Amino acid sequence: MNFHAETSPSSLPVRRDDDATLTSKASLVGATRAELAEALRTHGVTEREIKMRVAQLWHWLYFQGARDFDAMLNIGKGLRSTLAAHESLARPEVVSEQVSQDGTRKWLLRLAPVDKTDKGAEVECVYIPESDRGTLCISSQVGCTLTCRFCHTGTQKLVRNLTTREIVAQIIVARERLGDFPGLTPPTNGLLPQGETRPITNIVFMGMGEPLYNFDNVRDAVGVLADGDGLSVSKRRITVSTAGVVPQIERLGAEAGPMLAISLHAVRDDLRDTLVPLNKKYPIKDLLAACRDYPGASNARRITFEYVMLKGVNDSPAEARELVRLLKGIPAKINLIPFNPWPGTQYECSDWDKIEAFSDIVFDAGYASPVRTPRGRDILAACGQLKSETEKLRARARLAAEAE
């Protein structure tokens, strides 16, 4: 399918998911198999039935995209009634949906409150369609703690980690909005992949937050996303990007097994200390050593190194040659990212001839070096531009809640 993009970005009317904000019931959307099993136990389901009932719920949640327990006709009416009385199938509320001139979509999602001081945190996720694929960029935290100098998201302070359910719920919402569950109709604006290709073929943890500072929830979310009986996204099509939380990189490969991407952006520690302050704790040498040891890395499962092109900062031929030297022996590809401007930034995008010259040096050394086409710039949906206006909780209110 291929739909024409709108001639200008627009904010689309959205249906308010009142159940996501008003109910006190916990939503099962995004739950792991273990969490579904525990929920069933609390409602009196016997151990001999647990595996079968989990499989049924899993199918309805992640294959059918059910929004109502009454639709689950292969589950007994009594159990359906019990689940409806105590659990919900609420999704995050879609606050806004914007469609770029190039077909990129950005959703601002409001999450259900986690306690009485939480008025509903907000995160953004982005859908990037191409003719043969569709990539969903999802968030792992509300805000970010890393303060990378070139990244708009880094100017929003960390509010909290997302739960596994909140991470998975982003793809559930996206698939609904794209008409990719049985019985739903695809949108007629924007773009979708052509032919029989599913709307969402790839998932990247490149939205708000540092995924490896929310390791357990990201690991469990990858497990839900990759499960072949539900959402069924191959781990080779799930990429987790990190700014370089070195101690968690090996664990990510061993316990979750997705593709790995590294936000590198500099070839010298002094410059990377400025651009990516995390480098002061985990310098380039240690980061690349962890990459060389990443479980499963091979020429068929190359590590992606992301390198944002900043005019006069990191775009010289000498730096391109040093990048090649640093990555020697690592099965790698290098994504060159033209800098995406945002309000208040001090940086500019490298001139195109500089980007091409940099790419040629990397390519001639034997590395794939695609230049990432900027997408969704007009709606601040491009790489490094995500930032929600989540209301910050006052420290006094949070401390009072914790004291109670």
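Data block above holds the structure.
Residues numbered from 1 in each chain as written. Predicted model: local features only at pLDDT ≥ 70, side-chain atom pairs only at ≥ 80, totals over all residues. Heavy atoms only, no water.

**A closer look at the side chain of Ser 369**
Note on placement: Ser 369 falls in the loop between α11 (352-364) and α12 (395-403). When its relative accessible area of 8% is taken as the criterion, Ser 369 is described as buried. (Helix = DSSP H or I, 4+ residues; strand = E, 2+ residues; numbered from the N terminus. Buried < 20%, exposed > 50% of the residue type's maximum accessible area, 1.4 Å probe, protein only.)

**Some remarks on the packing of aromatic side chains**
Using the criterion set out here, one finds three aromatic pairs in the structure. Measuring from centroid to centroid gives 4.6 Å for Trp 58 and Tyr 62, while their planes differ by 70°, and the two rings are edge-to-face. With a gap of four residues between them, Trp 58 and Tyr 62 both fall in helix α3 (residues 47-63), about one helical turn apart. Looking at Trp 58, the relative accessible area reads 2%, which means it is buried. Taking the relative accessible area as the measure of exposure, Tyr 62 reaches 1% and is therefore buried. Ring centres of Phe 339 and Tyr 347 lie 6.3 Å apart, and the angle between their planes is 80°; on these two criteria the pair is classed as edge-to-face. (Phe/Tyr/Trp six-rings, centres within 6.5 Å; stacked < 30°, edge-to-face > 60°.)

**Some remarks on the packing of helix α5 (residues 164-177) against helix α6 (residues 215-226)**
Between two packed helices, the angle of one axis relative to the other and the distance separating the axes together describe the packing. Running from N to C, α5 and α6 point in directions that differ by 40°, and their axes come no closer than 8 Å. Taken as axis vectors, α5 and α6 run oblique relative to one another. Along this stretch, α5 crosses α6, giving a crossing that reads as right-handed. Packed against α5, whose contacting residues are Thr 164, Ile 167, Val 168 and Ile 171, the element α6 presents Asp 216, Asn 217, Val 218, Asp 220, Ala 221, Val 224 and Leu 225 at the interface. Considering only residue class, the contact of α5 with α6 consists of seven nonpolar, two polar and two charged. (Axes fitted to C-alpha atoms, helices over the stretch in contact; angles between N-to-C directions. Parallel < 35°, antiparallel > 145°, perpendicular 65-115°, else oblique. Left-handed = near helix turned anticlockwise from the far one by under 90°. Contact = heavy atoms within 4.5 Å. Nonpolar A, V, L, I, M, F, W, Y, C, P; charged D, E, K, R; others polar.)

**Here's the deal with unusual backbone geometry**
Working note: non-glycine residues mostly have negative phi, and peptide bonds are mostly trans. The backbone phi angle of Ser 232 is positive, close to 55°, even though this residue is not glycine. Structurally, the position occupied by Ser 232 is in the loop between α6 and β11 (238-242). A positive phi angle, near 70°, is found at His 265, a position not held by glycine. Here His 265 lies in the loop between β12 (259-263) and α8 (269-275). Classification of His 265 by relative accessible area gives buried; the value is 4%.

**Focus on the packing of helix α2 (residues 33-42) against α3**
Closest axis-to-axis distance for the α2/α3 pair is 9 Å, and the angle between their directions is 120°. If you check the angle between α2 and α3, you find them oblique. Seen along the crossing, α2 lies across α3 with a hand that is right-handed. Facing Arg 33, Leu 36, Ala 37, Leu 40 and Arg 41 of α2, the residues of α3 in contact are Glu 47, Ile 50, Arg 53, Val 54, Ala 55, Leu 57, Trp 58 and Leu 61. For the contact of α2 with α3, the per-class residue count stands at nine nonpolar, no polar and four charged.

**Describing the environment of Asn 340**
Structurally, Asn 340 is set in the loop between β14 (332-338) and α11. According to the relative accessible area criterion, Asn 340 is buried, its value standing at 4%. It is 9.6 Å that separates the C-alpha atoms of Asn 340 and Leu 310, two residues lying 30 residues apart in sequence.

**Focus on empty space enclosed by the protein**
Rolled over the atoms, a probe sized like a water molecule indicates the empty space that remains. Applying the stated rule across the entire model yields one cavity of 30 Å³ or more. In this structure, the largest cavity encloses a volume near 40 Å³. Of the residues that constitute the lining of the largest cavity, the class distribution is six nonpolar, one polar and two charged. (1 Å grid on protein atoms, 1.4 Å probe; cavity = no way out; pocket = protein on both sides within 12 Å on 5 of 7 lines; lining within 4 Å. Points joined across faces, edges and corners; volume = space filled by probe spheres on them.)

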